[in-house]
Amino acid sequence: MLTTSGNEFIPEAGTCVSWKIKKDELGELPGNEEMVKKYWDMLDAFAYSFIWFWVQR
Amino acid sequence: MSDKQKLFQERLARYLTALDCGKPDKVPISFSVGEWAVKYTNSTLQEVYYDIEKGNSITSQVLDETLSALDFDVFGGGISLWWPPMFDVMGSKLYKFPGISLEENSTFQYVEEEYMKADDYDEFTANPTGWLLTKYLPRISEEFSEPGSYRSCVALIKSAAAFAMANNSAAKGWESWLGQHGLVPAGTGFSKAPFDTLGDALRGMKGILLDIRRRPEKVLAACEAIIPHNIAYGMITAQGDTTFPCFMPLHRGAYPFLSLEQWMKFYWPSLKAVIEGLWAQGKRTFFFAEGDWTPYIERIAELPDKSILFIIDKTDPVKAKKVFGGRFCLYGGVPTTLLTYGKPKEVKECAKRMIDELGYDGGYVLAPGGVVMGDAKRENMLALIEAGREYGVY
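Thresholds applied
Residues numbered from 1 in each chain as written. Chains lettered and ligands numbered in written order. Predicted model: local features only at pLDDT ≥ 70, side-chain atom pairs only at ≥ 80, totals over all residues. Heavy atoms only, no water. Helix = DSSP H or I, 4+ residues; strand = E, 2+ residues; numbered from the N terminus. Buried < 20%, exposed > 50% of the residue type's maximum accessible area, 1.4 Å probe, protein only. Contact = heavy atoms within 4.5 Å. Rg over C-alpha atoms; globule rule 2.2 N^0.38 Å. Areas by Shrake-Rupley, 256 points an atom, 1.4 Å probe, with all protein chains shown as cover. Lys, Arg positive; Asp, Glu negative; His and termini not counted. Charge placed at Lys NZ, Arg CZ, Asp CG, Glu CD. Polar contact = N/O pair within 3.5 Å; in protein donor to acceptor, adjacent residues only side chain to side chain. Nonpolar A, V, L, I, M, F, W, Y, C, P; charged D, E, K, R; others polar. Pairing = 2+ DSSP bridges. Bend = angle between axes of the 7 residues up to and from the residue. Disulfide = S-S within 2.5 Å.

J.: Looking at this structure, how should I read the overall build of chain A?
T.: Within chain A one finds 2 helices and 2 strands. Buried positions account for 35% of the 57 residues belonging to chain A. Within chain A, residue pairs in contact and separated by at least 24 positions form 32% of the contacts whose partners lie at least 6 positions apart.

J.: Would you explain the overall build of chain B in this entry?
T.: Counting its secondary structure elements, chain B contains 16 helices and 10 strands. The C-alpha atoms of chain B give 21 Å as radius of gyration, which agrees with the globular expectation for 394 residues (21 Å, within 12%). Along the first, second and third principal axes, the C-alpha atoms of chain B reach 60 × 50 × 40 Å. Each of the 394 residues in chain B was classed as buried or not, and the buried ones make up 54%. Once local pairs closer than 6 in sequence are excluded, the contacts in chain B between residues at least 24 apart make up 74%. Here chain B displays about 16,000 Å² of accessible surface, and carbon together with sulfur accounts for 53% of that area. With 43 positive and 50 negative side-chain charges, chain B shows a spacing of 2 Å between the two charge centroids.

J.: Sorry if this is basic, but what is going on with the interface of chain B and chain A here?
T.: Where interface size is given, it is often the accessible area lost as the parts come together that is meant. At the junction of the two partners, chain B supplies 38 residues and chain A supplies 21 residues. Where chain B touches chain A, the interface holds 4 residue pairs in polar contact (both at pLDDT 80 or more). For the side of chain B that touches chain A, the elements supplying multiple residues, two or more each, are α4 (84-88), α6 (128-140), α7 (150-181), α8 (194-202) and α10 (216-237) of chain B. Per element, the largest residue contribution to the side of chain B that touches chain A is 9 residues, and it comes from α6(B). Its residues placed into classes, the side of chain B that touches chain A shows 26 nonpolar, 10 polar and 2 charged.

J.: Looking at this structure, how should I read the sheet that holds strand β2 (residues 74-75) of chain B?
T.: What links the strands of a sheet is backbone hydrogen bonding, and the strands pair in either a parallel or an antiparallel sense. Residues and elements named next belong to chain B. Across the sheet, 3 strands lie side by side as β1-β2-β5; this open sheet has parallel pairing. Each edge of the open sheet carries a strand with a single partner, namely β1 (30-31) and β5 (184-185). Pairing between β1 and β2: 2 bridges, direction parallel. Looking at the pairing, Ser30 lines up with Val74 of β2.

J.: I tried to follow helix α11 (residues 260-280) of chain B on my own but got confused; where do I start?
T.: Helical geometry note: an α-helix holds 3.6 residues per turn, so side chains three or four residues apart project in the same direction. Residue and element names in this part refer to chain B. At Trp268, α11 shows its maximal kink, close to 45 degrees; a proline, Pro269, follows between one and four residues later. Along α11, the positions that sit buried rather than exposed are Gln262, Trp263, Phe266, Tyr267, Trp268, Ser270, Leu271, Val274, Ile275, Gly277 and Leu278. Following α11 by one or two positions, Gly282 has its phi on the positive side, about 85 degrees.

J.: I tried to follow the state of the cysteines on my own but got confused; where do I start?
T.: A disulfide bridge is the covalent bond that connects two cysteines by way of their sulfur atoms. Residue and element names in this part refer to chain B. One pass over the full model with this rule turns up 0 disulfides over all chains. With no disulfide of its own, Cys21 lies closest to Cys329 among cysteine sulfurs, the gap being 6.1 Å. For Cys21, a relative accessible area of 15% translates into the label buried. Among the residues examined, Cys329 registers a relative accessible area of 0% and is labelled buried.

Coordinates in, geometry out; function isn't part of it.
Here it is in structure tokens:
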């Protein structure tokens, strides 16, 4: 199991650290949450495709 | 609308009609530029592998020259498959590339090992992504063998950057090839059969074949755990596109790697689940069935109508047409060995036969029956396109 901030989780398919998990850690955001989420998701998907790339030959 | 855009719309309609098993105005023709094109240039394979721009430019040159005299619709891609620097910076054990571990005009080689041990099944199955990152990557990467160390952190930064750079170069190449020539892409995205994900890069051929006898339940559980990942990977690498099929090279599922009983138990259920999972999101699968799949045709017919594009390599074309006709589009049928060892006349005769047998009522794309190898002859590739337009007008 992976550990982050003391919480253990198994990443769902298509994610490494999903926005849901990060959002729980961040709590309420003072600005535009959708904008933060959009780029979090984009880079999370990049990391996911990088990790799985090595076995999808 | 420019002439190229009009051409693109014409070809798109032709391809999509065939994918939906309809009868377009002409049999769509698919063409790819592979390593076979490099021998007609002054470049080495090492240069083409390492210098992506050179690979892209050779691809553009072949398209310019070919399309000035011939007409085809669907483009399967350019020369470059992988960018070796991404592997070099990780000290990857997975491949040998020209110029660093092979002579400069050799094609790449995959180094198959049991990178995942039999004892790793439970941990992998419980958390596939976590296990790949923390256990698998360090094992296959000399520079990333001690995560957290200076060398490993640097290696990961470099390799992730290289992944982004390679993807960006590939995207620019595609944009240019499609935009400047009015071609449509054969597919978008990439995925695999879960049994192949496990058998190719994790357990290896020997490992997986022993496992289905010694620990069959572990194999089945691992395949089950991979299903959602291969659906997600297909959609992520396609960037959500559902117009074109998701490329899925199929390896151990070809007969006779497995008996029918083994295929039914270990290979098919999880592959079927991935295809159905993609189809549920509107994404068709490019069922790249290299080798002979004839014994499995009836099982494959269980899939939803139009959910796959089935490539004919050594599968019996007549039986495939009889069972799949009107339900799945067929693709290929011209043996890659013929493109290497045959003559243009033989290629044209074969293409005509495939159009007659597979495409008489639509639902067919003329193409090679597999990945065209580096020793294929240019005149044979061109003969295939010529035959398509000569015999493939409805």
